[in-house]
Amino acid sequence: MRFFLAILFWLMFPFCITAQQEYFSGTVTDSITHEPLAFVSIIYNRQGHGVVTNLEGHFRIPRSQTVHFLKFRYVGYHSKTVEMRGSVSAPLNIALSPDPHDIAEVIVYPTENPAHRIIKRAAANRIRNNPERSGPFSYISYDKMTFTLEVDSAALQNKGDSVSTNALLSDSISYGTDMKGKIDIRRFLEKQHLFMMESVISRKFFSPERNKEEVIASRVSGISQPSLVVMARQFQSFSFYENFVTIADRQFLNPIASGSTGMYFFQIQDTTYTERLDTVFIISFRPMKGKNFDGMKGVLYINSRDYAVQNVLAEAYEPREGKINAAIQQQYELIDGERWFPVLLSTTIRFNPARLGYKSPPVDIVGIGKSHIVNINLRPSDEGIKFSNVQVEVGAEAHRQPDEVWNTYRTDSLDARDRETYRFIDSLGKAEHLDRTIASFETLITGYLPGKYWTFDLMRFIDYNSYEGFRIGAGGRTTQQLCSWLMVGGYGAYGFKDKAWKYSGHLTFNLWPEHELQLTVLYRKDVRESGGVRFNETINLTGSAFIRNYLVELMDKTRETEFSLSFSALKYVKVRTYLLHSNAEPTNNYSFGLSDANPRVSLTRFNITETGMQIRYAHQETFMKTPRGNKFSMGTRYPVLYLNVARGINLLNGGFEYWRTEAKITKSFKTKRLGDTRFALLAGKVSSDVPYGRLYAGLSSYKPFTLESEQSFGTMRFNEFVADRFIALFVKQDFGKLLIRPRGKFQPELALVHNLGFGMLSNGAQHENITVESYGKGYFEGGLLINNLLRVQLFKYGLGVLYRYGPYAYSKTIDNFAFKLTLQFNL
């Protein structure tokens with residue numbers, strides 16, 4: 001039980017329409033699984049008038065309508081007709097039998113596929129029908145998600161026919177407790193869910209920049225704090241109108257994106273008519289044969305009014321083994337006769353830990369989440385709303401709301417299984433201290449190991465670079481529990497290759513938390529890359545640029561005293577200003593000749609006093625904020641800009657006066673025919689003669705065979721070039737599975753890399769005991785990466801090669817190659 005609860009924490013909506021006297025009502029289910037079927041088409045008279053079932057398989061037909069019969073039609077199931085004779089008062093229960101025959105791909109000649117005309121009109125109306133692009137709105141949503149266990153049918157079959165489902169569950173899984181020993185998991189799951197959570201969320205939207213979601217009520221089994229509630233809302237896109245649709249952790253090409261008729265095969269399965277005499281086209285879709293892209297399969301219900309999506313069922317066309325796989329359902333209604341708006345969202349996720357390599361019984365963790373959207377207002381008021389880049393926030397009292405509040409928003413009361421889930425898992429949570437576990441997990445994401453009064457910086461325990469070798473140490477900072485307005489921190493470390501101790505200490509004053517205004521006083525004795533560039537950015541573990549830090553070979557020993565002031569401004573800007581005094585000592589016998597001295601004087605230590613500013617601008621970047629105050633970025637669609645401006649001054653024995661300016665722009669985006677595109681543009685300039693350590697040493701990352709590192713030159717040797725002015729462009733085009741169709745476990749993903757740069761040096765004569773060469777004629781390299789050749793639990797590995805060409809290519813061909821090992825998270 002501990003194992004499955006832990007899996008749930010690491011991975012991170014019931015709606016029942018009761019029959020009223022003026023309606024025929026009923027439920028449609030699968031005849032084998034008895035699961036409700038959503039969006040079943042029901043024709044009830046000879047005029048073709050009809051309705052569809054909702055997400056719970058329920059339907060209602062006004063008694064005012066003439067009902068001759070009920071004809072049930074659903075893609076993948078046999079049709080069924082029920083003759084209506086006399087008065088029907090009790091709800092109907094209809095079971096449909098699955099049709100095992102798959103839909104054949106049909107090519108219609110000589111005319112166009114009739115489904116294409118409908119899909120193209122739906123694509124042309126995407127912006128008009130997209131709720132997040134067609135005007136302001138507000139709503140309240142009630143979300144409910146439950147998790148349980150299901151037997152892996154493939155694993156059960158491998159064990160032989162003699163092994164029953166009940167036996168597999170009962171014999172394979174047990175939960176040890178101090179009181180009762182083992183629990184029969186089969187009986188356990190009959191009484192309750194494995195895990196459950198609910199939330200009530202209020203949202204007001206006026207534009208992407210003026211959007212606010214607040215969790216006003218939350219409850220999570222076993223946990224009092226509602227951190228997981230925020231994470232659970234990320235399983236699917238809010239609407240079905242963007243070019244790419246998110247399901248779980250994957251992005252799929254939308255079947256109603258522009259040009260989708262060249263990628264998907266569509267087939268009209270049925271046509272019905274609403275009471276308003278609008279036509280509803282029921283169209284199945286799946287990727288065309290021979291097309292390699294992240295595609296979905298499912299059914300679209302497109303209403304002829306505005307050619308809007310009325311219902312949709314979708315899932316991955318090719319589920320991924322050992323990963324989270326999900327299916328979504330969405331239902332829309334025409335609000336106030338004006339705009340189509342989602343009213344029901346459903347997600348079913350499935351995850352098998354055993355297939356990912358973990359030691360686990362052959363069972364799937366299955367989560368079913370439903371979100372019911374009510375109180376939809378298309379003309380909300382923004383009075384009294386304070387908008388910021390924190391767009392998702394959990395109310396301080398959300399987890400303490402009484403039953404009266406919950407009963408206001410729940411679409412139905414909790415059943416016995418729900419209540420038992422809360423009772424049992426809550427008691428288990430207290431015994432196992434799950435609140436403390438979740439708090440630790442949340443803190444770990446920020447890079448710190450939590451404690452009551454002190455948090456340890458995980459990056460300080462062990463590190464590596466080519467100069468220091470392995471670096472062992474410890475560091476951290478005090479927590480807000482000890483003092484909310486002051487943090488005390490520091491670290492100590494030892495490098496085994498350079499055989500030297502490093503240490504640092506700092507005081508940080510939280511002057512204005514709302515604007516992240518902090519004043520820091522720091523002293524540091526450490527090493528710093530000679531000729532490196534640093535921006536005001538955090539390590540991005542989803543990319544590979546940080547790997548270059550492990551490869552750096554040339555360092556300066558430094559002693560630094562710094563006063564810095566950091567804050568957030570203008571919503572999307574982060575600013576850091578500083579005054580730094582540094583004493584730097586090269587580690588390679590380098591010296592700097594003073595050109596204006598007579599006789600010539602060579603310096604081997606450099607006192608530098610520098611004041612400057614670092615700026616980061618991420619337009620429309622949004623954050624979610626947890627009850628503990630931690631903020632997590634939800635990204636931005638726009639480029640992220642970085643700017644450094646520094647001034648060397650003749651103060652505190654500082655011996656160099658100069659201006660040093662650097663800029664960087666990064667952007668990643670996805671297109672349906674090319675996949676993921678990532679680029680970074682960097683430039684820098686130093687206005688005066690300065691020591692080597694304040695120049696630009698080329699952004700190299702070459703080793704004959706090493707890990708691939710983005711935003712660097714993979715074939716350029718370390719410190720091979722140096723410049724006081726440079727510009728560089730790094731481009732990676734990741735095609736994913738677009739070029740090679742996956743075959744079983746062999747699922748290679750191709751990526752192309754091309755990098756180029758220009759660097760000039762005004763005066764190289766002052767730099768002594770070191771080779772200085774610029775690359776003003778242009779440095780060029782390109783290459784191929786084959787990712788995802790091997791998958792081992794949380795990581796996937798691949799191979800790549802880069803080739804150096806142009807004016808600075810080596811005469812010996814093999815020297816121009818660099819071979820790479822690629823490493824990515826296997827999410």
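Cut-offs applied
- Numbering of residues starts from 1 in every chain and runs along the sequence as written.
- Two thresholds apply to this predicted model, a pLDDT of at least 70 for residue-level local features and 80 or more for giving and counting side-chain atom pairs, whereas whole-chain, interface and lining totals are computed over all residues.
- The side-chain values count all of the structure's non-hydrogen atoms but skip hydrogen atoms and water molecules.
- Pairing between two strands is assigned when DSSP locates at least 2 bridges connecting them.
- Think of it this way: any DSSP run of H or I at least four residues long counts as a helix, any run of E at least two long counts as a strand, and we number them from the N terminus.
- To define axes, lines are fitted to C-alpha atoms, for helices over the stretch in contact only, and angles between the resulting N-to-C directions are given on a 0 to 180 degree scale.
- Whenever Lys or Arg places a side-chain nitrogen within 4 Å of a carboxyl oxygen from Asp or Glu, that contact is recorded as a salt bridge.
- Buried residues are those whose accessible area, probed at 1.4 Å on protein chains only, stays under 20% of the maximum for their type, while exposed residues exceed 50% and partly exposed ones sit between those limits.
- The predictor reports its confidence for every residue as pLDDT, a score running from 0 up to 100.
- Residue contacts are counted whenever heavy atoms from the two residues lie within 4.5 Å of one another.
- When the centres of two rings from Phe, Tyr and Trp lie within 6.5 Å, Trp using its six-membered ring, the rings pair. Their planes under 30 degrees apart give stacked, over 60 give edge-to-face, and anything left gives tilted.

Caption draft 1: Quick look at the sheet that holds strand 6 (residues 80-83). Ordered in space as 3-2-5-6, the 4 strands form an open sheet in which the pairing is antiparallel. Of all the strands in the sheet, just strand 3 (50-52) and strand 6 have a single pairing partner and so form its edges. Taking each pair of neighbouring strands and ignoring which way they run, the sheet shows an average axis angle of 20°. Sheet topology note: the strand 2 (residues 41-43)/strand 3 ladder contains 3 bridges and is antiparallel. In the sheet register, Ile 43 faces strand 3, and the bridge partner there is Gly 50.

Caption draft 2: Highlighting the pattern of salt bridges. As enumerated under the stated definition, the model contains 36 salt bridges in all. Where Lys 144 meets Asp 418, a salt bridge forms, and the shortest distance between an N and an O atom there is 2.7 Å. Of the two residues, Lys 144 sits in strand 8 (residues 137-151) while Asp 418 sits in helix 9 (residues 416-432), which places them 274 residues apart along the sequence. By the burial criterion, Lys 144 is buried, and Asp 418 matches it. The salt bridge partner of Arg 410 is Glu 198, with a shortest N-O separation of 2.8 Å. Residue Arg 410 is found in the loop between helix 8 (403-409) and helix 9, and its partner Glu 198 is found in strand 9 (residues 195-207); the two are separated by 212 residues along the sequence. The exposure classification of Arg 410 matches that of Glu 198, with both residues buried.

Caption draft 3: Quick peek at the confidence of the model for the protein chain. On average, residues of the protein chain score 84 in pLDDT, and 84% of them reach the 70 mark or higher. Confidence drops under a pLDDT of 50 for residues 159-182, and excluding neighbours within four residues, the segment shows 38 contacts in the predicted structure.

Caption draft 4: Representation of the packing of aromatic side chains in the model. Applying the stated criterion to the full structure yields 40 aromatic pairs. Judged by centre distance (4.9 Å) and plane angle (10°), the ring pair of Phe 137 and Phe 205 falls under stacked. One end of the pair, Phe 137, is in strand 8; the other, Phe 205, is in strand 9, with 68 residues separating them in the sequence. Take Phe 137 and Phe 205: they sit in the same class, and that class is buried. Ring centres of Phe 780 and Tyr 805 lie 5.7 Å apart, and the angle between their planes is 25°; this geometry places the pair in the stacked category. Of this pair, Phe 780 sits in strand 42 (residues 775-792) while Tyr 805 is found in strand 43 (residues 795-805), placing the two residues 25 residues apart along the sequence. Counting every residue linked through ring pairs, the aromatic cluster contains Phe 713, Phe 721, Phe 730, Tyr 775, Tyr 779 and Tyr 808.

Caption draft 5: Fine view of unusual backbone geometry. Look at Glu 516: it is not a glycine, yet its phi comes out positive at around 55°. Tracing the chain through its elements places Glu 516 in the loop between strand 26 (500-512) and strand 27 (517-529).

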